[in-house]
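Topology and contacts: notes
For reference, the chains in residue letters:
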Amino acid sequence: MPDTAPTAAVRSNATVAPAALAEALARQPRVPLAHLPTPLEPCPRLSAALGGPDILVKRDDCTGLAFGGNKVRQHEFLFAAALAAGADTVVLGAGTQSNWCRQASAAAAKLGLKVALVLVHGVKGPMIQGNLLLDRVLDADVTVIPGTDLEVLPAHLAARAEALRAEGRKPYVFGWADVTTQAIGALGYVNAVLELYAQLQAMGRAADHIYLAGFDVTPTGVLYGVRALGLGARVVAINPLRTSVARPVEMARIAGGIGERLGLPLGLTPADVTSTDDFIGPGYGILTPAAREAILMAGRTEGLILDPVYTSKAMAGLIDHVRKGIVRKGETVVFIHTGGTPALFAYADDLALGLRDDG
Ligand SMILES: Cc1ncc(COP(=O)(O)O)c(C=O)c1O
């Protein structure tokens with residue numbers, strides 16, 4: 001079956017028993033990298049501050065490897081694919097403060113592979129702070145390219161891989177907007193939903209809503225897992241980046257790849273997806289007032305540190321939806337904290353927290 005949108009035989013309401021989903025996942029090549037399960041923490045003081053729903057935070061900022069984050073779950077499956085292909089180097093790219101690249105650099109170090117990063121300059125540039133500092137510590141081979149457009153990456157990644165091949169290396173590319181990479185990575189979040197389901201069951205609870213920062217891979221895995229298990233929770237992806245392809249279209253495409261890998265008759269259509277651009281603000285990686293408010297509120301009520309690019313905008317989205325009554329008192333929300341916290345240190349100026357003026 002090609003990696004495309006679901007065919008007629010692939011339905012968006014085909015549910016699977018948890019054991020069958022776990023078995024399908026267990027057949028996928030995987031290397032252990034993450035500390036799992038991550039905690040599912042009640043946040044009573046944050047819930048009270050909002051006067052709204054019960055908020056539980058799924059602490060995927062605590063996946064362990066090199067400050068953790070959502071990509072560690074994805075890399076368990078992606079690095080297994082790279083190792084199976086006999087690679088000695090992985091090639092990938094994103095912005096200079098990329099969490100995905102930092103977690104790949106750590107996974108590569110742990111598995112004895114080299115990593116070549118192509119990083120788009122973006123709003124933070126080659127400042128040796130946060131994620132880029134950690135890339136250097138982890139001995140990543142870094143190339144910074146000018147501009148802010150991440151959609152130029154595929155050509156640069158192909159060229160970098162070609163150059164490595166010419167040097168006698170065996171590169172494996174984790175492609176940008178490449179459905180094979182995306183679908184393999186998303187398996188990590190189908191698995192995360194199984195984990196979440198078991199935790200909610202143990203607490204005697206069910207989620208009415210799941211909110212997360214999501215570009216495409218993570219929310220597709222989450223939505224796929226929720227639909228596969230028939231959980232009924234509303235999944236809301238808060239998108240951090242405007243792109244030429246609409247997120248629901250991309251996510252339906254990725255879901256096709258997940259179904260193909262897991263051998264399940266379940267797909268997603270763009271209409272199944274709730275992804276909003278409402279909290280991006282002026283652009284990717286630019287801190288908004290609402291995101292800043294979310295960082296301060298989560299920190300000061302729960303000691304919970306959010307990042308400036310993804311989770312703060314996702315929490316800003318949740319706060320806004322509570323204030324608008326879209327998410328109501330008495331309901332249960334799971335907020336998936338997807339990590340990214342090392343980037344906070346590159347945003348000290350944007351947060352403008354001085355010793356005397358700390359409001
Ligand atoms: C902290 C954080 N949250 C969310 C995301 C979005 O993940 P995905 O691209 O898998 O949807 C990223 C991706 O870079 C991230 O670093």
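Let us look at the overall build of the protein chain. Each helix and strand in the protein chain was counted, giving twelve helices and ten strands. In terms of overall size, the protein chain behaves like a compact globule, its C-alpha atoms giving a radius of gyration of 19 Å where 359 residues would be expected to give roughly 21 Å. For the protein chain, the spread of C-alpha atoms along the principal axes amounts to about 60 × 60 × 35 Å. Here the protein chain, with 359 residues, has 57% of them falling under the buried criterion. Here the analysis covers contacts within the protein chain between residues at least 6 apart in sequence; of these, 80% occur between residues at least 24 apart. Split by element, the accessible area of the protein chain, about 14,000 Å² in all, is 56% carbon and sulfur.

Let us now look at empty space enclosed by the protein. Any space left empty among the atoms is revealed by the rolling of a water-sized probe across them. Here the structure, examined in full by the defined rule, presents three cavities of 30 Å³ or more. By volume, the largest cavity amounts to about 460 Å³. Lining the largest cavity are 31 residues; nearest its centre among them are Lys-71, Trp-100, Trp-176, Phe-215 and Tyr-310. Elements with a contribution of two residues or more to the lining of the largest cavity: α3 (70-84), α4 (99-111), α7 (179-202) and α8 (217-229). By residue number, the principal contributor to the lining of the largest cavity is α3, which donates four residues. Class assignment for the residues of the lining of the largest cavity results in 14 nonpolar, 14 polar and three charged. If you count residues domain by domain, the lining of the largest cavity takes at least three from each of domain 1 (18-68 + 179-351) and domain 2 (71-173).

All right, on to the packing of helix α1 (residues 18-26) against α7 then. Put simply, α1 and α7 touch, their axes get as near as 11 Å, and they point 145 degrees apart. For the pair α1 and α7, the crossing hand works out as left-handed. Here Pro-18, Leu-21, Ala-22 and Leu-25 of α1 lie close against α7, whose contacting residues are Leu-187, Val-190, Asn-191, Leu-194 and Tyr-197. Residues that form the contact of α1 with α7 fall into these classes: eight nonpolar, one polar and no charged.

This next bit is on the pairing of strand β4 (residues 114-120). Side-chain positions along a regular strand alternate between the two faces of the sheet. Here β4 lies mainly inside the structure; six of its seven residues are buried. Across seven bridges, strand β3 (residues 89-95) lies against β4 in parallel orientation. Note that in β4 the partner of Gly-95 across the bridge is Val-120. Crossover handedness for the path β3 to α4 to β4: right-handed. Bridging between β4 and strand β5 (residues 141-145) involves five bridges; their strand directions are parallel. Paired with Leu-119 across the strands is Val-144, a residue of β5. Note that the unit made of β4, helix α5 (residues 130-137) and β5 has a crossover that is right-handed.

To continue, consider the site of the ligand. Of all residues adjacent to the ligand, which total 15 residues, the nearest are Asn-99, Phe-215, Asp-216, Thr-218 and Thr-338. Between the ligand and Asn-99, the relevant distance is 2.9 Å, taken from an oxygen atom to a side-chain nitrogen or oxygen of the residue. Coverage of the ligand by the protein amounts to 95% of the 390 Å² it exposes when considered alone. With respect to the detected pockets, the ligand is housed in the largest cavity. Mapped by element, the contributors of at least two residues to the shell around the ligand are α3 and α8. Taken together, the residues of the shell around the ligand break down into five nonpolar, eight polar and two charged.

Pairing in this open sheet of six strands is mixed, and the strands run β1-β2-β10-β7-β8-β9 from one edge to the other. Every interior strand has two partners, whereas the edge strands, β1 (40-42) and β9 (274-276), have only one. Each strand of the sheet is rotated relative to its neighbour by a mean of 25 degrees, with strand direction disregarded. Judged from the three bridges that link them, β1 and strand β2 (residues 54-59) form a sheet pairing that is antiparallel. Considered in β2, the bridge of Glu-41 is made with Val-57.

So, on to the pairing of β2. Extensive coverage of β2 is indicated by the burial of five of its six residues. Pairing between β2 and strand β10 (residues 332-337): six bridges, direction parallel. Opposite Ile-55, over in β10, you have Val-333 as the bridge partner.

Right, let's get into the domain arrangement of the protein chain. When the domains of the protein chain are assigned, the result is domain 1 (18-68 + 179-351) and domain 2 (71-173). Here the C-alpha centre of domain 2 lies 23 Å away from the C-alpha centre of domain 1. Between domain 1 and domain 2, the contact holds 41 residues from the first and 31 residues from the second. Carbon and sulfur atoms make up 66% of the area that domain 1 and domain 2 hide from each other, which totals about 3,000 Å². Ranking the residues of domain 1 by area buried against domain 2 places Val-31, Leu-33 and Leu-65 at the top, with a combined share of 19%. Along the contact surface separating domain 1 from domain 2 lie four salt bridges. For Glu-76, the salt bridge identified is with Arg-30, shortest N-O distance 2.8 Å. At the junction of domain 1 with domain 2, the criterion picks out 13 residue pairs in polar contact (both at pLDDT 80 or more). Listing elements by their share of the side of domain 1 that touches domain 2, those giving two or more residues are α7 and α8.

Calculation notes
- Residues numbered from 1 in each chain as written.
- Predicted model: local features only at pLDDT ≥ 70, side-chain atom pairs only at ≥ 80, totals over all residues.
- Heavy atoms only, no water.
- Helix = DSSP H or I, 4+ residues; strand = E, 2+ residues; numbered from the N terminus.
- Rg over C-alpha atoms; globule rule 2.2 N^0.38 Å.
- Buried < 20%, exposed > 50% of the residue type's maximum accessible area, 1.4 Å probe, protein only.
- Contact = heavy atoms within 4.5 Å.
- Areas by Shrake-Rupley, 256 points an atom, 1.4 Å probe, with all protein chains shown as cover.
- 1 Å grid on protein atoms, 1.4 Å probe; cavity = no way out; pocket = protein on both sides within 12 Å on 5 of 7 lines; lining within 4 Å.
- Points joined across faces, edges and corners; volume = space filled by probe spheres on them.
- Nonpolar A, V, L, I, M, F, W, Y, C, P; charged D, E, K, R; others polar.
- Domains from an automatic or database assignment.
- Axes fitted to C-alpha atoms, helices over the stretch in contact; angles between N-to-C directions.
- Left-handed = near helix turned anticlockwise from the far one by under 90°.
- Pairing = 2+ DSSP bridges.
- Right-handed = clockwise from strand over helix to strand, strands pointing away.
- Near = heavy atom within 4 Å.
- Polar contact = N/O pair within 3.5 Å; in protein donor to acceptor, adjacent residues only side chain to side chain.
- Sits in = over half its atoms within 2 Å of the grid points.
- Buried area = accessible area lost by both parts, 1.4 Å probe.
- Salt bridge = Lys/Arg side-chain N within 4 Å of Asp/Glu carboxyl O.

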